[in-house]
Amino acid sequence: MSRIGKHPITVPNGVKITVENNVVTVKGPKGQLSEKISPRMKITEEDGTLKVERPTDEKEDRAVHGLTRTLINNMVIGVTSGFEKKLEIEGTGYKAAKSGNKLVLTVGYSHNVEFEEKDGITFDVPAPNRITVMGISKQKVGQIAANVREVRPPEPYKGKGIRYAGEFVRRKEGKTGK
């Protein structure tokens, strides 16, 4: 039995889950998310909890069991509290600013790099060297945060660049003369 798949999903008040033709739709206070799941998985609801069950112990069913449960659980968390990723900017003159619904990055290029808010993703810039990416879809929040980090990933010599909050960047020693 999948260790993750066997845990029930608690459905908070104000969240409505519907399953039609192997598409799970979760509606909550922050919005609505839909995800197509494997048609072999059986989803049952009882007493405010959701259980994901698999038909057999075949390898494919075991693999999809925990994934299905985690996807549905992430949708429930997303529509109730949402997800966020925090990024930090290191480097002299490197900064972020919010202009309308755009995130503007000044990270050492001859031009500013802009990201637009879309698909329910919002940016917050509490300080010039901090960025918060927020949204209800865990996958989209992670992907947009990775795209922002990709503009100027941290380099190993001086540590300059955009990194996730709390990310450790292994530093290298520079060249030594004779």
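Coordinates for the structure precede this section.
Scope of this entry: the structure provided in the associated data block. (Residues numbered from 1 in each chain as written. Predicted model: local features only at pLDDT ≥ 70, side-chain atom pairs only at ≥ 80, totals over all residues. Heavy atoms only, no water.)

Here's the deal with the sheet that holds strand β7 (residues 83-90)
Part 1: Spatial ordering of the open sheet is given by β11-β12-β7-β13, a layout of 4 strands whose pairing is antiparallel. Strand pairing shows two members of the sheet lacking a second neighbour, β11 (122-127) and β13 (161-164), which therefore form its edges. Strand-to-strand, the axes of this sheet are offset by a mean angle of 25 degrees, without reference to chain direction.
Part 2: Here helix α2 (residues 138-151) sits on the sheet and contacts β7, β11, β12 (130-135) and β13; the angle it forms with β7, its principal contact strand, is near 10 degrees. (Pairing = 2+ DSSP bridges. Helix = DSSP H or I, 4+ residues; strand = E, 2+ residues; numbered from the N terminus. Axes fitted to C-alpha atoms, helices over the stretch in contact; angles between N-to-C directions. Contact = heavy atoms within 4.5 Å.)

Some thoughts on α2
Part 1: For α2, which comprises 14 residues, the first-to-last C-alpha distance of 21 Å matches the rise-based estimate of 20 Å (1.5 Å per residue) to within 8%.
Part 2: Residues Val 141, Ala 145, Val 148 and Val 151 constitute the buried set of α2. The buried residues of α2 occupy an angular sector of 110 degrees when the element is viewed end-on, so they sit on one face. Exposed side of α2, more than 90 degrees from the buried face: Gln 139 and Glu 150 are the residues found there. (Expected span 1.5 Å × (residues − 1). Buried < 20%, exposed > 50% of the residue type's maximum accessible area, 1.4 Å probe, protein only. Arc of directions from axis to C-beta.)

Focus on the pattern of salt bridges
Part 1: Per the counting criterion, the structure on display carries 7 salt bridges.
Part 2: Its salt-bridge partner being Arg 54, residue Asp 57 comes within 2.9 Å of it at the nearest N-O pair.
Part 3: Accessibility expressed as a relative area gives 54% for Asp 57, which makes it exposed.
Part 4: Overall, the relative accessible area of 14% leaves Arg 54 in the buried class.
Part 5: The salt bridge partner of Glu 84 is Lys 86, with a shortest N-O separation of 3.3 Å. (Salt bridge = Lys/Arg side-chain N within 4 Å of Asp/Glu carboxyl O.)

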